[in-house]
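Structural overview
Chain residues, written in single-letter form:
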Amino acid sequence: MAAADTVTVNLAVPRRRPTLPPMTGKLATGLIIAGLITLFGLIGPLLVQDPAKIDDIGLTPPSADHLLGTTQTGQDVLAQLAYATRGSLIVGAVVGLLTLILSGFFGIVGAYAGGWLDEAFSLFTNVVLVIPGLPVVIVISAYVAERSLLLVALVLAITSWAGSARVLRGSTLSLRSRDYVLASRVAGERRWRILLVEILPNLIPLLASQVVFAVIFAILGEAGLSYLGLGATESFTWGTMLYYAQNGLALRLGAWWWFVPPGLMLALFGAALSLINFSIDEIINPKLRNQTRGARRGWRMSREQIRRAKESTL
Amino acid sequence: MRYLSRKLGFYLVALWAALTLNFLIPRMMPGDPVEIMLAKLGQKGPVTPESREAIEAMLGTDSSRPLWAQYGDYLAGLANGDLGVSLVFFPAPVSSIIAQTLPWTIGLIGLATIISFLTGVGLGTLAGWKRGSWMDNLIPVTTMFQSVPYFWLALILLFLLGSVWPVFPLNGGYDVYNVTPGWNGPFLASVVYYGTLPALTIILSSIGGWMLGMRNMMVSTLSDDYMVTAEAKGLRSRRIMMRYAARNAVLPSISGFAISLGFVVAGSIITEAVFSYPGIGSALLQAVGGNDYALMQGILLIITLSVLGANLLVDLLYSVIDPRIRARG
């Protein structure tokens, strides 16, 4: 009777350990910075002045009226920054979502189905991978005169999903031949259920890291494109702000309040996402996790003790 | 041998796809190049039907012929090395402009990529070997440089080292006033001097990726069983680090290096825009600015070819340095 009780208790234990990353300093810093910037992009535009309003106070340094000063044509830099944050985040979000869908479809579904479908998807992925993204984006932008933010995001996503699809395909291939997947196939689970319930949860950390990477790539790519004057027309992003700052000779005139904020936002957001990605990497590859300096401190061994321990084992 | 033929087959398919894409993009896009040029001409004066025909003939887009016939002409032109005539640099053919600008790009970006790869992998090896040391803590700093948008970093360095402390020239590929291009000492010295700052910005912004990748692979490799065996055999730690750990850990970095070598031509666009460097990226931007569709297509073709070529080279090299690949097929 007691034995039966233990069995029921064991069954009651949740089957899957949640794959949330441990809250390390790196992850917390990344999440806080990214969260603050996202919040600024969401709420900021509601609170600031009209970003396009032209005034006769060109290139004034920060003051009480204009907290981050004005541009060459007297537009408020803080207001532009708020709208630009929103614009850049929209590009990042759209590209992240599209990368998730495209790379998931071509990477996971193809590798799981196997056979000619896998061959075809893999060939398609590799062909897209070797077609260079930025020049194609530039040429496409050159052909289309009126570019919306969504079009720019779409073009960036189409040229950038292939790398993620290749990474996902590799992992799916390794997962689908694991014993537990074979076992559930023998047990008569349906194919789509094996894919969604058995394989997909193990790919979530990898998917997350690929999406974060795609978002960084998209925001930097959009900035580069805008800097060349080929970004979205009629909308604010960090890239277009830098483009106008560059054209307005902000650098030569020493108008740091104009070109430093957008660049700094880009750098901070990129760094925050990188920090988040480091933490996800440590879930995917546990070997990266151990034996950092912090972990060693956790063992409460002094350097001397470690040396002595090493000597005695050698 | 099967490996080789599979790879070659893939690259043929990729090449065909790239060529077709190159053909289709101008014809699929909402803005018709002929219309755009006619509109520009129309602002200056009335446009005759003859000039429309002339422009169509120049761009090779005779709209009265079916698409597949245009496609045939396009492929035949490529096979003869005929890329059309540039508009921005009229009447120079596209191929001669590419021949002029390509060496600049390959010299600057290629060298910078190689330096960045070697330094990054070396530092990454040390960081992975001495995990948790000060060098390991350097990695987040270099990743910071990577998340800074490249052109912003380049602009600020240009401002600091070009305007505030004029150590380096502000733009250009060489001193146009005092030296004559050719294989002579002053010209080469001038090229190196003008190229240092652009190269430095490329190295700064890309070294973090190499370091991080190599460091993570070192860490993974170090926990493998053969590392314990090597240590048990009493080998020198230097030998363990270089021959046992780094030799195996460097493989993914090498394939990454191949890909980035292929993107040398493609990745140069922003660098060349910031420094007004006379390379292929500047030519592409001029083509975009002047609606020069023949030049745009030609440069896109060269970029795609270089990416494909570099990837093929590395696939072949990879089967030499990592014999497991050949066995797997």
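See the structure above.
Nothing here was measured: the structure is a model prediction, and the numbers come from that model. (Residues numbered from 1 in each chain as written. Chains lettered and ligands numbered in written order. Predicted model: local features only at pLDDT ≥ 70, side-chain atom pairs only at ≥ 80, totals over all residues. Heavy atoms only, no water.)

A few words now on the packing of helix 5 (residues 94–129) of chain B against helix 13 (residues 293–321) of chain B. Residues and elements named next belong to chain B. In the contact formed by helix 5 and helix 13, the axes pass within 10 Å of each other and the chain directions differ by 50 degrees. Taken together, the axis directions place helix 5 and helix 13 in an arrangement best described as oblique. In the crossing of helix 5 with helix 13, the sense of the turn from one axis to the other is right-handed. Touching Val94, Ile97, Ile98 and Leu102 of helix 5 are Ala294, Leu295, Gly298, Ile299 and Ile302, all from helix 13. Of the residues that constitute the contact of helix 5 with helix 13, the class distribution is eight nonpolar, one polar and no charged. (Axes fitted to C-alpha atoms, helices over the stretch in contact; angles between N-to-C directions. Helix = DSSP H or I, 4+ residues; strand = E, 2+ residues; numbered from the N terminus. Parallel < 35°, antiparallel > 145°, perpendicular 65-115°, else oblique. Left-handed = near helix turned anticlockwise from the far one by under 90°. Contact = heavy atoms within 4.5 Å. Nonpolar A, V, L, I, M, F, W, Y, C, P; charged D, E, K, R; others polar.)

Below, the discussion takes up the pattern of salt bridges. Residues and elements named next belong to chain A. Taken as a whole, this structure holds two salt bridges over all chains when the rule is applied. A salt bridge links Arg169 to Asp118; its shortest N-O distance comes to 2.9 Å. One end of the pair, Arg169, is in helix 7 (residues 162–176); the other, Asp118, is in helix 4 (residues 115–130), with 51 residues separating them in the sequence. Taking the relative accessible area as the measure of exposure, Arg169 reaches 25% and is therefore partly exposed. (Salt bridge = Lys/Arg side-chain N within 4 Å of Asp/Glu carboxyl O. Buried < 20%, exposed > 50% of the residue type's maximum accessible area, 1.4 Å probe, protein only.)

Attention now goes to empty space enclosed by the protein. This model, assessed by the stated rule, comprises six cavities of 30 Å³ or more. Of the voids in this model, the largest cavity is the one considered here, and its volume is about 90 Å³. In terms of lining, the largest cavity is formed by A:Leu242, A:Ala245, A:Gln246, A:Ala250, A:Leu251, A:Phe259, B:Phe151, B:Trp152, B:Leu155 and B:Ile156. Of all elements in the fold, only helix 10 (238–247) of chain A together with helix 7 (150–164) of chain B reach the threshold of two or more residues within the lining of the largest cavity. Lining of the second largest cavity is provided by A:Ile131, A:Pro132, A:Val136, B:Ala18, B:Leu19, B:Leu21, B:Asn22, B:Leu300, B:Leu301 and B:Thr304. Elements with a contribution of two residues or more to the lining of the second largest cavity: helix 1 (2–28) and helix 13 of chain B. (1 Å grid on protein atoms, 1.4 Å probe; cavity = no way out; pocket = protein on both sides within 12 Å on 5 of 7 lines; lining within 4 Å. Points joined across faces, edges and corners; volume = space filled by probe spheres on them.)

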